Amino acid sequence: MIYKNTLDFARQLDQTDPLRSYRDRFHIPQRNGQALIYLCGNSLGLQPKTARSALDQELTTWQNLGVEGWFDQTEAAEQPWLRYHETCKAALAQLVGAQPSEVCPMNALTVNIHLLLASFYRPTAQKYKILTIKGDFPSDQYALETHVKQHRGLAPADTIIDVAPRPDGTGLIHTTDIQAAIAEHADSLAVIWMSGLNYYTGQVYNMAAIAETARKHCVPIGFDLAHAIGNIPLRLHDWGVDFATWCSYKYLNGGPGAVSGVFVHEKHHDQSLPRLAGWWGYREDKRFEMTSGFLPAPGADGWQVSTPNILALSLHRAAIAIMAEAGIVALRQKSEHLTGYLEWILNQLEEVLILTPDDPNQRGCQLSLLVRKNGKGLFNYLTGQGIIGDWREPDCIRLAPTPLYNTFEDIWRVGEALKAYYASL
Ligand SMILES: Cc1ncc(COP(=O)(O)O)c(C=O)c1O
């Protein structure tokens, strides 16, 4: 598309946007009566207007039915809580490209990383190493480090293999380097764990190709999809990914600390994988018999541990229903245009360097800007102008236009604010 740097052009794009009505389904934060330009859905997505009534529904069920809310089949409970998680499965399956039995909303992201590693990281004397990405999110690094330390005789320094960016200053990691590292270390690798989309650079890794290499070398592979889910289309089942987890407070708009979810490929559903269990992962038909001896529920549900937080699930469910209605393919189409427009506007400013790849196949909606000269000053200026991005030390501003509630006019206004800032220096 040929872009133009005018307000009329941006408004024209908004008028012809087939998803434009979705913005009205979210509360856009305001300052002094003016809507903020919220480019921070990569950190905390906005509140859907249906969130309050969804939450209220379950508060009412609790108020009216007490414990009967778990089982009540009458209209007094809109959805009995016992199977409430199942009502999220169709939307989640669509978002990650899975069968409904392969996904389950549960727990929080890092908790799920631990639970899944307990199943998929089974070191032996020969195969004990973990391959990951250098500079992945700290929580992932800490999870790997502490899993290694759980095993007598293993130390993180000899066990964790980090694939690093090439020394070309881009901070990006080449798929072929990851594939080469898998092949090189295949004899000693127990598992591969990495992000699908890098939180800092915004780079999307070629998950299909990496999973294929992992499969060829018989190494289980899992992905942290915190920044990928709801941002880019995923096909975890077809790619043969073994396991994955994500959070739903970013692009899934489930609210601060919202419930996470897991994917476990159906090839692992034969119940033999070891796991850290709790009663909610027990076969549902026998759970209340309260007998000893853990029998996992079939599919991803068998990784549940504790009683689900229904109030949190109600927000999650309401938010992903909007996503499922819009459809990830249409969202992605708009997202590529929004981010392409932002990139085009940023590229006109020589002071700003974009870290994120320029190939749309290698990025989601987020662009990470490297601002070497007084980056924090620029970030504070943008915040003052009502433009909400986020700051990552030492010199990175992340801006993430999200297709559900951002507009092309938002992007144009960011460009104008940046021009004014540099003109004022
Ligand atoms: C890529 C990634 N992994 C893990 C986490 C940690 O998530 P939580 O605090 O929900 O466990 C985050 C949080 O933003 C993240 O972005």
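Residues numbered from 1 in each chain as written. Predicted model: local features only at pLDDT ≥ 70, side-chain atom pairs only at ≥ 80, totals over all residues.

A closer look at the sheet that holds strand 11 (residues 353–354)
One open sheet accounts for four strands, arranged 11-12-15-14; its pairing is antiparallel. Among the strands making up the open sheet, the edge pair consists of strand 11 and strand 14 (390–392). Sheet topology places strand 12 (residues 367–370) next to strand 15 (residues 396–399); four bridges connect them, and they run antiparallel. Across the sheet, the residue bridging to L370 is C396, located in strand 15. Sheet strands touched by helix 11 (residues 328–346): strand 11, strand 12 and strand 15. Its angle to strand 12, the strand with the most contacts, is close to 15°. (Pairing = 2+ DSSP bridges. Helix = DSSP H or I, 4+ residues; strand = E, 2+ residues; numbered from the N terminus. Contact = placed C-beta atoms within 7 Å. Axes fitted to C-alpha atoms, helices over the stretch in contact; angles between N-to-C directions.)

Regarding helix 13 (residues 408–424)
Structurally, the α-helix is built with 3.6 residues per turn, so residues lying three or four positions apart point the same way. Taking 1.5 Å per residue as the helical rise, helix 13 with its 17 residues ought to reach 24 Å, and the 25 Å between its terminal C-alpha atoms agrees with that figure. Every buried residue of helix 13 is accounted for by F408, D410, I411, W412, V414 and L418. Looking at the buried positions of helix 13, the neighbouring elements they touch are helix 1 (7–15), strand 3 (37–38), helix 11 and strand 13 (387–388). (Expected span 1.5 Å × (residues − 1). Buried ≥ 20, exposed ≤ 12 C-beta atoms within 10 Å, placed from the backbone.)

What about the site of the ligand?
Every residue close to the ligand is listed here: A108, L109, T110, F137, S139, D140, S195, Y199, D224, A226, H227 and C247. Those elements that provide at least two residues to the shell around the ligand are helix 4 (109–120) and helix 5 (138–150). Along the lines of polarity and charge, the residues of the shell around the ligand split into six nonpolar, four polar and two charged. (Near = placed C-beta within 6 Å. Nonpolar A, V, L, I, M, F, W, Y, C, P; charged D, E, K, R; others polar.)

Section: the nonpolar core
Core analysis: the biggest nonpolar cluster contains 111 residues, and V96, I192 and F263 have the highest contact counts within it. Sorting elements by how many residues they give to this core places helix 10 (residues 310–326) first, with eight residues. Mapped onto the domain boundaries, this core takes at least three residues apiece from domain 1 (7–47 + 328–424) and domain 2 (59–325). Those residues in contact with V96 that lie beyond four places of it in its chain are V103, L225, I229, L234, L236, A244 and F263. (Core = buried A, V, L, I, M, F, W, Y, C linked by C-beta atoms within 7 Å. Domains from an automatic or database assignment.)

Looking at the packing of helix 11 against helix 13
With their axes 9 Å apart at the nearest point, helix 11 and helix 13 run at an angle of 15° to one another. On the basis of the axis angle, helix 11 is roughly parallel to helix 13. By crossing handedness, the relation of helix 11 to helix 13 is classed as right-handed. Of helix 13, the residues touching helix 11 (which contributes L338, Y341, L342 and I345) are F408, I411, V414 and G415. (Parallel < 35°, antiparallel > 145°, perpendicular 65-115°, else oblique. Left-handed = near helix turned anticlockwise from the far one by under 90°.)

A closer look at the domain arrangement of the protein chain
Along its sequence, the protein chain is carved into domain 1 (7–47 + 328–424) and domain 2 (59–325). Between the C-alpha centres of domain 1 and domain 2 there is a distance of 29 Å. Every element with two or more residues in the side of domain 1 that touches domain 2 is listed here: helix 11 and strand 12. Considering every element that reaches the side of domain 1 that touches domain 2, the biggest residue donor is helix 11, with three residues.

Notes on the sheet that holds strand 5 (residues 129–133)
Spatial ordering of the open sheet is given by 4-10-9-8-7-5-6, a layout of seven strands whose pairing is mixed. Looking at the sheet topology across the chains shown, the edges are occupied by strand 4 (103–105) and strand 6 (160–163). Between one strand axis and the next, the sheet turns by 15° as a mean value, whatever way the strands run. Alignment of strand 5 against strand 7 (residues 189–195), held across three bridges, turns out to be parallel. By the bridge assignment, I130 is partnered in strand 7 with V191. Each of strand 4, strand 9 (243–246) and strand 10 (261–264) touches helix 3 (residues 89–96); the most contacted strand, strand 4, lies at about 120° to it.

Things to note about the environment of D136
With respect to the element layout, D136 can be found in the loop between strand 5 and helix 5. Residues D136 and N198 lie 62 residues apart in sequence; the distance between their C-alpha atoms is 6.8 Å. For D136, the residues in contact, after removing those within four places along its chain, are Q141, M194 and S195.

Focus: unusual backbone geometry
Trans peptide bonds make up most of the peptide bonds, and negative phi angles are found at most residues other than glycine. Between E393 and P394 the backbone carries a cis peptide bond, its omega angle lying at 5°. Here P394 shows up in the loop between strand 14 and strand 15. Positive phi is not limited to glycine here, since N253 has a value of about 60°. In this structure, N253 sits in the loop between strand 9 and strand 10.

A look at the pairing of strand 8 (residues 221–224)
Alternating positions in strand 8 separate into two faces, I221 and F223 on one and G222 and D224 on the other, with burial throughout. Bridge count between strand 7 and strand 8: four bridges; the pairing is parallel. Paired with S195 across the two strands is D224, which belongs to strand 8. Handedness of the strand 7-helix 8 (residues 207–216)-strand 8 crossover: right-handed. The pairing of strand 8 with strand 9 spans three bridges and is classified as parallel. In the strand pairing of strand 9, D224 is matched with T245. (Right-handed = clockwise from strand over helix to strand, strands pointing away.)

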